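# What the coordinates show
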Amino acid sequence: MQPTGNIKIFTGNSHPQLAEDIAKILGVKVGDSTVGKFSDGEIFVDTRETVRGRDAFIIQSTNAPVNDNLMELLINIDAFKRASAGRITAVIPYYGYARQDRKAKARDPITAKLVANLLTAAGVDRVLTMDLHAAQIQGYFDIPVDNLMGSPILANYFIEQGFKDRDDVVVVSPDLGSVTRSRKFADRLNAEIAIIDKRRPKANVCEVMNIIGDIEGKTCIMIDDMIDTAGTICNAAAALIERGAKEVYAGCSHGVLSGPAIERLENSVIKEVVMLDTIDLAEDKMIEKFKTLSVAPIFAEAIKRIHDHESVSKLFG
């Protein structure tokens with residue numbers, strides 16, 4: 001890519017390495033800015049270079065600590081708006097609070113919409129994200145939202161590992177909500193799909209009920225948008241093996257990995273867990289069966305296309 005003097009890349013504290021990787025591909029440097037805290041815990045932003053009239057991109061996932069990372073993003077947006085940035089794009093590889101996207105029961109908040117309102121009120125002009133948990137979140141904004149897809153990156157990895165055009169490979173959707181994602185993934189591998197029908201008695205607890213499709217003697221690849229506590233993916237993998245699957249792999253865009261997730265995955269029957277680096281995975285969380293793939297190239301290309309007023313959807317053919 002040819003470097004451009006008008007693009008400015010900034011980052012908070014959620015994933016500075018990803019910002020560095022994106023900036024390097026674009027041929028620019030990460031902006032000279034510090035995001036810290038006062039002694040009472042309030043967040044401050046100190047930007048030591050001009051953004052006046054520039055195309056500013058703030059790279060910040062809103063993973064744990066969710067509220068700190070979200071406030072860092074909002075304060076950065078406000079600072080750049082007041083500094084007369086030409087356009088402000090919030091690059092949110094992982095959009096937190098996305099699972100609270102509807103009223104599942106009486107008096108539930110719709111927090112995904114609240115976050116959209118906060119970002120808009122802060123002054124953001126555009127949002128660039130990846131694999132929103134619920135596609136309708138794009139409609140919560142009255143500004144442009146580009147929702148990149150992570151499954152092609154995951155698919156390319158499994159193709160490179162020799163999984164394409166194999167008769168013994170089945171792509172498994174861990175729930176009904178992931179069927180479309182799994183079908184597109186399976187199309188890239190020329191594989192069949194299977195679906196796990198599960199019941200969830202309460203949040204972060206699931207019980208596998210039935211498997212739709214032929215998985216006996218097959219190599220199964222489970223694809224989901226995120227792995228949080230890993231209960232769903234581990235229970236599903238165990239059910240697949242119990243019902244005759246030969247081996248199980250898992251892939252996701254967002255490795256949230258909260259609570260007992262790492263211990264569960266380490267002790268599970270899953271052979272390998274492939275994740276994108278939308279969330280910074282600390283060294284102490286890495287185990288032997290984890291594999292991370294970079295999203296920097298696709299985000300860098302999307303940023304370049306947004307800056308040049310070109311189509312982002314063409315990235316996915």
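Throughout, residues of each chain are indexed from 1 in the direction in which the sequence is written. Restriction of local features to residues with pLDDT of at least 70 applies here, the model being predicted, together with a cutoff of 80 or more for giving and counting side-chain atom pairs; totals for whole chains, interfaces and linings are based on all residues. Computation of side-chain values: all heavy atoms of the structure, hydrogens and water removed.

### Focus: the overall build of the protein chain
Strands are runs of DSSP state E lasting at least two residues, helices are runs of H or I lasting at least four, and both sets are numbered from the N terminus onward. Assigned secondary structure in the protein chain consists of eight helices and 14 strands. In terms of overall size, the protein chain behaves like a compact globule, its C-alpha atoms giving a radius of gyration of 20 Å where 317 residues would be expected to give roughly 20 Å. Along the first, second and third principal axes, the C-alpha set of the protein chain runs to 60 × 45 × 35 Å. Considering the protein chain as a whole, with its 317 residues, one finds that 53% of them fall into the buried category. What the globule rule says is 2.2 Å times the number of residues to the power 0.38, and the radius of gyration is computed from C-alpha atoms. Between buried and exposed lies partly exposed: a residue is buried under 20% and exposed over 50% of the maximum accessible area for its type, with that area taken using a 1.4 Å probe on protein chains only.

### Notes on the UniProt feature "binding site: Mg(2+)" (unreviewed entry) in the protein chain
UniProt positions are given in the numbering used here, feature names are shortened, and annotations may be inferred rather than shown by experiment. Here the UniProt-annotated "binding site: Mg(2+)" (unreviewed entry) positions come out as His133 and Asp175. Spanning 43 residues, the named residues form one tight spatial group whose C-alpha atoms are at most 13.0 Å apart. Assignment of secondary structure puts His133 in the loop between strand E6 (126-130) and strand E7 (145-148). Owing to a relative accessible area of 35%, His133 belongs among the partly exposed residues under this scheme. Any two residues whose heavy atoms approach within 4.5 Å are treated as being in contact. When residues no more than four places from it in sequence are discounted, the contact partners of His133 are Ala98, Arg99, Asp225 and Met226. Within the secondary structure, Asp175 sits in the loop between strand E8 (169-173) and helix H5 (179-189).

### Remarks on the packing of aromatic side chains
Note on ring pairs: Phe, Tyr and Trp rings are taken, using the six-membered ring of Trp, and paired if centres are within 6.5 Å. Classes follow the plane angle, with under 30 degrees stacked, over 60 edge-to-face and the rest tilted. Applying the stated criterion across every chain yields a total of eight aromatic pairs. Measuring from centroid to centroid gives 5.4 Å for Phe158 and Phe163, while their planes differ by 85 degrees, and the two rings are edge-to-face. Residue classification places Phe158 among the buried positions, given a relative accessible area of 0%. Consider the rings of Phe163 and Tyr249, whose centres lie 5.1 Å apart with planes at 80 degrees: the pair is edge-to-face. Here Tyr249 lies in strand E12 (residues 247-255) and Phe163 lies in the loop between helix H4 (151-160) and E8, a separation of 86 residues in the sequence. Neither Phe163 nor Tyr249 differs from the other in exposure class; each is buried. One Lys or Arg, Arg166, reaches over the ring of Phe163 and ends 4.9 Å from the middle of that ring. Both a distance and an angle decide whether a charge sits over a ring: NZ of Lys or CZ of Arg must be within 6 Å of the ring centre and within 35 degrees of the ring normal.

### Some words on the pairing of strand E4 (residues 55-59)
Across the five residues of E4, five count as buried, placing the element largely inside the fold. Neither face of E4 is exposed, since Asp55, Phe57 and Ile59 on one face and Ala56 and Ile58 on the opposite face are all buried. Strand pairing follows a simple DSSP-based rule, namely that at least 2 bridges must link the two strands. Of the pairings in the sheet, the one linking strand E1 (residues 7-11) to E4 comprises five bridges and is parallel in character. Bridge pairing in E4 links Ile9 to Phe57. As paired strands, E4 and strand E5 (residues 87-92) are joined by five bridges and run parallel to one another. Bridging from a neighbouring strand, Ala56 pairs with Ile88 of E5. With helix H2 (residues 66-82) bridging E4 and its parallel neighbour E5, the resulting β-α-β unit is right-handed. When the strands point away from the viewer, a crossover counts as right-handed if the path from the first strand over the helix to the second runs clockwise.

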